[in-house]
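Observations on chain architecture
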Amino acid sequence: MGEILGVGATHYPPGLVPDEYKPWPLARMLKTDPRIPMHLQDPANWPEPMRLEWGDDEGITAHKAHRARVFSAFREIREEIDAFQPDFILIWGDDQYENFKEDIIPPYCVLAYDQLAFKPYSRLRGRPNIWGEPEDKLFTSPGHRAAGKYLASRLLEEGIDMSYAYKPLHEDGLGHAFANTLLFLDLDRKGFDYPVLPVAVNCYGSNVIRNRGGGSQYSDEPDPPSPSPRRCFELGQATARILQDSPWRVVLMASSSWSHAFLTEKNHWIYPDLEADRAMLAQLQAGDYDKWRDQPLARMEAAGQQEVLNWVCLAGAMAELGYKMKLLDWVETWTFNAPKCLALFR
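All figures in this text were calculated on a predicted structure; none of them were measured in a lab. (Residues numbered from 1 in each chain as written. Predicted model: local features only at pLDDT ≥ 70, side-chain atom pairs only at ≥ 80, totals over all residues. Heavy atoms only, no water.)

On to the overall build of the protein. Helix and strand counts for the protein stand at 10 helices and 10 strands. Its C-alpha atoms give the protein a radius of gyration of 19 Å, near enough to 20 Å, the size a compact globule of 346 residues would have. Seen through its principal axes, the protein has C-alpha atoms that stretch 60 × 40 × 40 Å. Residues classed as buried in the protein amount to 59% of the 346 residues present. (Helix = DSSP H or I, 4+ residues; strand = E, 2+ residues; numbered from the N terminus. Rg over C-alpha atoms; globule rule 2.2 N^0.38 Å. Buried < 20%, exposed > 50% of the residue type's maximum accessible area, 1.4 Å probe, protein only.)

On to the packing of aromatic side chains. Evaluated as defined, the whole model comprises 15 aromatic pairs. Arranged with centres 5.6 Å apart and planes meeting at 75 degrees, the rings of phenylalanine 88 and tryptophan 248 form a pair that is edge-to-face. Of the two residues, phenylalanine 88 is situated in strand 2 (residues 88-94) and tryptophan 248 in the loop between helix 6 (229-244) and strand 8 (249-255); the sequence distance between them amounts to 160 residues. For the pair phenylalanine 88 and tryptophan 248, a shared accessibility class is recorded, and that class is buried. Each ring, one from tryptophan 258 and one from tryptophan 311, has its centre 5.3 Å from the other, and the planes form 80 degrees; the classification is edge-to-face. Of this pair, tryptophan 258 sits in the loop between strand 8 and helix 7 (274-285) while tryptophan 311 sits in helix 10 (residues 309-321), and the two are 53 residues apart along the sequence. (Phe/Tyr/Trp six-rings, centres within 6.5 Å; stacked < 30°, edge-to-face > 60°.)

What follows is about the pairing of strand 4 (residues 115-118). Here strand 4 shows a clear split, with Leu116 and Phe118 buried on one side and none of Gln115 and Ala117 buried on the other. Inspection of the sheet shows strand 4 paired to strand 5 (residues 139-142) by 4 bridges, in the antiparallel sense. Among the inter-strand pairings, glutamine 115 is bridged to a residue of strand 5, identified as proline 142. (Pairing = 2+ DSSP bridges.)

Our focus in this paragraph is helix 4 (residues 145-157). One turn of an α-helix holds 3.6 residues; hence residues three or four places apart share an orientation. Spanning 13 residues, helix 4 covers 18 Å between terminal C-alpha atoms, matching the ideal 18 Å at 1.5 Å per step. Taken as a whole, helix 4 has its buried residues at Ala147, Gly148, Leu151, Ala152, Arg154 and Leu155. Those residues of helix 4 hidden inside the fold are in contact with strand 2, strand 3 (108-111), strand 6 (163-165), strand 7 (196-201) and helix 6. At the C-terminal side of helix 4, glycine 159 shows a positive phi close to 95 degrees. (Expected span 1.5 Å × (residues − 1). Contact = heavy atoms within 4.5 Å.)

With that settled, the discussion passes to the environment of isoleucine 104. When you line up the elements, isoleucine 104 lands in the loop between strand 2 and strand 3. Classification of isoleucine 104 by relative accessible area gives partly exposed; the value is 46%. Separated by 65 residues in the primary sequence, isoleucine 104 and leucine 169 place their C-alpha atoms 9.5 Å from one another. Sequence-distant contacts of isoleucine 104, defined by excluding residues within four places in its chain, comprise Asn99 and Leu169.

Ranked by size, the top nonpolar core spans 73 residues in total, and within it Leu90, Trp92, Leu252, Trp258, Trp311 and Phe345 carry the most contacts. The greatest single-element share of this core, amounting to 9 residues, is contributed by helix 10. For leucine 90, the contacting residues outside a window of four places in its chain are Leu151, Leu197, Val199, Thr239, Leu243, Val250, Val251, Leu252 and Met253. Ranked by size, the runner-up nonpolar core spans 44 residues in total, among them Ile89, Cys109, Ala179 and Phe184. (Core = buried A, V, L, I, M, F, W, Y, C linked by side-chain atoms within 4.5 Å.)

We now examine the sheet that holds strand 8. Across the sheet, which stays open at both edges, the 8 strands sit in the order 6-3-7-2-8-1-10-9 with mixed pairing between neighbours. Here the strands that pair on one side only, and so sit at the sheet edges, are strand 6 and strand 9 (325-331). Each adjacent strand pair in this sheet contributes to an overall mean axis angle of 20 degrees, direction not counted. As paired strands, strand 9 and strand 10 (residues 340-345) are joined by 6 bridges and run antiparallel to one another. Bridge pairing in strand 10 links methionine 325 to phenylalanine 345. Sitting on the sheet, helix 5 (residues 176-185) touches strand 2, strand 3, strand 7 and strand 8, and the angle it makes with strand 2 is about 130 degrees. (Axes fitted to C-alpha atoms, helices over the stretch in contact; angles between N-to-C directions.)

In this section: helix 3 (residues 60-84). Taking 1.5 Å as the rise per residue, helix 3 with 25 residues should run 36 Å; its terminal C-alpha atoms sit 36 Å apart, in good agreement. Residues Ile60, His63, His66, Arg67, Val70, Phe71, Ala73, Phe74, Ile77, Arg78, Ile81 and Phe84 constitute the buried set of helix 3. For helix 3, the secondary structure elements touched by its buried residues are strand 1 (3-9), strand 2, helix 5, strand 8, strand 9 and strand 10. Among the residues trailing helix 3, glutamine 85 stands out with phi positive, at a value near 50 degrees.

Turning to the pattern of salt bridges, a few remarks are in order. Where side chains of opposite charge bring their charged atoms close, a pairing between them can arise. For the coordinates displayed, the defined rule picks out 25 salt bridges. A salt bridge links glutamate 3 to arginine 249, with the nearest nitrogen and oxygen atoms 2.9 Å apart. Here arginine 249 lies in strand 8 and glutamate 3 lies in strand 1, a separation of 246 residues in the sequence. Among the residues examined, arginine 249 registers a relative accessible area of 25% and is labelled partly exposed. The partner of lysine 64 in a salt bridge is aspartate 19, with the nearest N and O atoms 3.6 Å apart. Taken together, the positions of lysine 64 in helix 3 and aspartate 19 in the loop between strand 1 and helix 1 (25-32) put the pair 45 residues apart, joining distant regions of the chain. The class for aspartate 19 is buried, based on a relative accessible area of 8%. (Salt bridge = Lys/Arg side-chain N within 4 Å of Asp/Glu carboxyl O.)

Structure representation (structure tokens):
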């Protein structure tokens, strides 16, 4: 019988860049995004907690503390993974127009690669990274093709219409949801050699092509939707059953922040839907997994929670196993795009 550890994390792109470069989207959007109403381009008109976080330096001081909390929790996660000694780590993460493009958009895909190769700093638009590593540095990580083939085969046998791939389709190689997570799991650069099995989820659904992985629309025509929360939940349930019946020790990890400001139209795209996030966090802490399964997709999209579908896969797996959540940290924010949840499940 396989053994499983559950982990929830984030891939937090601004965490890669020094604070003085203000890498959070709001700093850029205030100057360039025509969707933001004129009166909200002035911080004096923001909610008080948002003004306080923005401070007199456009968030630099607050972001230092924000990042420190996220990184502290990542170090706890790394310690737990090292103690668990998995045979591989399965990561549910979103693909934002990286390998899911016009030529094919599957609902989800097992990336059964022999090796993962990625250059994460090419996405930083010339900005430095917090490790001072060269912009063209190539990272590699072992994949686990055998586990990927096994999982895809068994999922298909169980009625989950899973796609799979043995190599990247596009030059991005590995989407940033996976690449950034691996960087953060090795914050102290002591090496991270566990094989990784990415499972990409089409979280962005109706916006995946028309937004091209960003917040700006290139078309008025919506794309077909993402898989529903119920289907993502069922995918997680089936994955847990299959891997519990396998010979492997496995970490099941979801990687994403929660509601994203640049996706939350009702908040004029400048701050996330913390009320919706807090409700889902309370349900998760209580082990009320059915409420996650039954979330309407439209409600999640209205709250900017598209990427939380990765966590819905994890919730399904944890429900199947009867695991409970240990919250490591809940790092709220008004100005840094999205709150971050970091947790263990046993």
